[in-house]
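Given next are the chains, with one letter for each unit.
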Amino acid sequence: MGDVGSLGLGGAIGTIAVVIKQSSVAVHRRRVVIGSSIVILQVGSYKLRKKRIFKMAPIHHHFELLGWSSPKVIVRFGLASLVLRYFALTTLKLSSRQWS
């Protein structure tokens, strides 16, 4: 999934969270925002200071350059995503009054 797909999906999740008045669901969406922010910070830092914050952006390439194997990066990022997703779902409170 590229930027268009991931940002669109994140926007949809954020919109749903606002509509059902449960901003905790948007915790999972923050992962997309963090990924985009890291790229923006890296490009801005290099253009202004000629120094890089991370070895490479996006962040998963930074960890690969630190010596992590690609499967290790995928598993760790996936586990972090799962934890955030379950946290968001456990804090979700649905009641009949919300839909009125």
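Up top you'll find the structure we're talking about.
Residues numbered from 1 in each chain as written. Predicted model: local features only at pLDDT ≥ 70, side-chain atom pairs only at ≥ 80, totals over all residues. Heavy atoms only, no water.

Draft legend 1. Local environment of the packing of aromatic side chains. Scanning all chains against the criterion turns up 2 aromatic pairs. Ring geometry for Phe63 versus Trp68: centroids 4.7 Å apart, planes at 25 degrees, classification stacked. Judged by its relative accessible area of 22%, Phe63 is partly exposed. Seen in terms of ring centroids, Phe63 and Phe77 are 5.8 Å apart; in terms of plane orientation they differ by 75 degrees. Their pairing is edge-to-face. Of this pair, Phe63 sits in helix H3 (residues 59–65) while Phe77 sits in helix H4 (residues 70–90), and the two are 14 residues apart along the sequence. By the ring-pair criterion, three or more aromatic residues cluster together here, those being Phe63, Trp68 and Phe77. If you follow Arg52 out to its NZ or CZ, it ends over the ring of Tyr46, 4.4 Å from the centre. The side chain of Arg76 reaches across the aromatic face of Trp68, ending 4.9 Å from its centre. (Phe/Tyr/Trp six-rings, centres within 6.5 Å; stacked < 30°, edge-to-face > 60°. Buried < 20%, exposed > 50% of the residue type's maximum accessible area, 1.4 Å probe, protein only. Helix = DSSP H or I, 4+ residues; strand = E, 2+ residues; numbered from the N terminus. Lys NZ or Arg CZ within 6 Å of the ring centre and 35° of its normal.)

Draft legend 2. How the structure looks around H4. Its 21 residues give H4 an end-to-end C-alpha distance of 30 Å, which sits within 8% of 30 Å, the value for a rise of 1.5 Å per residue. Taken residue by residue, H4 has Val73, Ser81 and Ala88 as its buried positions. For H4, the arc enclosing every buried residue in end-on projection is 55 degrees, short of the 170-degree limit, so these residues lie on one face. Facing away from the buried side of H4 by over 90 degrees, the exposed positions are Pro71, Leu79, Val83, Tyr86 and Thr90. (Expected span 1.5 Å × (residues − 1). Arc of directions from axis to C-beta.)

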